[in-house]
Amino acid sequence: MSDQATPFELLGGEPGVRALVDRFYDLMDLEPAYAGLRALHPATLEGSRDKLFWYLCGWLGGPNHYIERFGHPMLRARHLPYAIGNAERDQWMACMTQALREGGVEDTLAQGLRQAFQGTADWMRNRAG
Ligand code: HEM
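Residues numbered from 1 in each chain as written. Predicted model: local features only at pLDDT ≥ 70, side-chain atom pairs only at ≥ 80, totals over all residues. Heavy atoms only, no water.

## Observations regarding the packing of aromatic side chains
Turning to step 1, where the next piece is worked out: Taken as a whole and judged by the stated rule, the model has seven aromatic pairs.
Turning to step 2, where the next piece is worked out: Between Phe24 and Trp92 the ring centres are 5.0 Å apart and the planes differ by 55°, which places this aromatic pair in the tilted class. Highlighted residues: Phe24 in helix α2 (residues 13-30) and Trp92 in helix α7 (residues 86-102), separated in sequence by 68 residues.
Turning to step 3, where the next piece is worked out: Aromatic ring contacts, followed pair by pair, group Phe24, Tyr25, Trp59, Trp92 and Phe117 into a single cluster.
Turning to step 4, where the next piece is worked out: Here the basic side chain of Arg69 rests over the ring of Trp54, its NZ or CZ set 3.9 Å away from the ring centre. (Phe/Tyr/Trp six-rings, centres within 6.5 Å; stacked < 30°, edge-to-face > 60°. Helix = DSSP H or I, 4+ residues; strand = E, 2+ residues; numbered from the N terminus. Lys NZ or Arg CZ within 6 Å of the ring centre and 35° of its normal.)

Structure representation (structure tokens):
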């Protein structure tokens, strides 16, 4: 059974996903290295936290909270208002990598998640450079 556990379950279900998302946005708010990424976001991050939490629950194999609220994610289209190039993608990945590390997420799981995030983050780019 355990070898069939979803990443959602391995992360500890909703509390684990929420903790990862909260750490990700706390770091984005605090770390100068992510200032460019932070500047793309609204003044308050509460809405962003909820949306990423709802999205990741489904994306990781748990409940489809995001789709229930907003329908098809159309993630790339929803990112088109923000200029995302390599620098923005790399800051997003560095911020998420730090959140996974500081959250003590087990190495094999963290590595798999980083790979999956990298694919999505690459796909989110909408301008050169
Ligand atoms: C590649 C670099 C990325 C940048 C610069 C970026 C930036 C942003 C920004 C500025 C917003 C708007 C926040 C708000 O409305 O509160 C947003 C929304 C969102 N992002 Fe990203 N993002 C990136 C990658 C990703 C990835 C890899 C994922 C998922 C794995 C993701 C998931 C989401 C979701 C679910 C939303 C909410 C969409 C909505 O309902 O409006 N983003 N992102």
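## What about the site of the ligand?
Turning to step 1, where the next piece is worked out: Neighbouring residues of the ligand: 21 residues in total, closest Ser48, Tyr66, His79, Tyr82 and Trp92.
Turning to step 2, where the next piece is worked out: Ser48 is positioned with one of its side-chain polar atoms (N or O) 2.5 Å from an oxygen atom of the ligand.
Turning to step 3, where the next piece is worked out: Within the contact set of the ligand, an oxygen atom lies 2.5 Å away from a side-chain nitrogen or oxygen of Tyr66.
Turning to step 4, where the next piece is worked out: The cavity that encloses the ligand is the largest pocket.
Turning to step 5, where the next piece is worked out: Elements that contribute at least two residues to the shell around the ligand include exactly α3 (35-40), α4 (46-59), α6 (75-79), α7 and α8 (107-123).
Turning to step 6, where the next piece is worked out: Sort the elements by how many residues they give to the shell around the ligand and α4 lands first, with four residues.
Turning to step 7, where the next piece is worked out: Per-class residue counts for the shell around the ligand are 13 nonpolar, four polar and four charged. (Near = heavy atom within 4 Å. Polar contact = N/O pair within 3.5 Å; in protein donor to acceptor, adjacent residues only side chain to side chain. 1 Å grid on protein atoms, 1.4 Å probe; cavity = no way out; pocket = protein on both sides within 12 Å on 5 of 7 lines; lining within 4 Å. Sits in = over half its atoms within 2 Å of the grid points. Nonpolar A, V, L, I, M, F, W, Y, C, P; charged D, E, K, R; others polar.)

The values are spatial; any link to function lies outside them.
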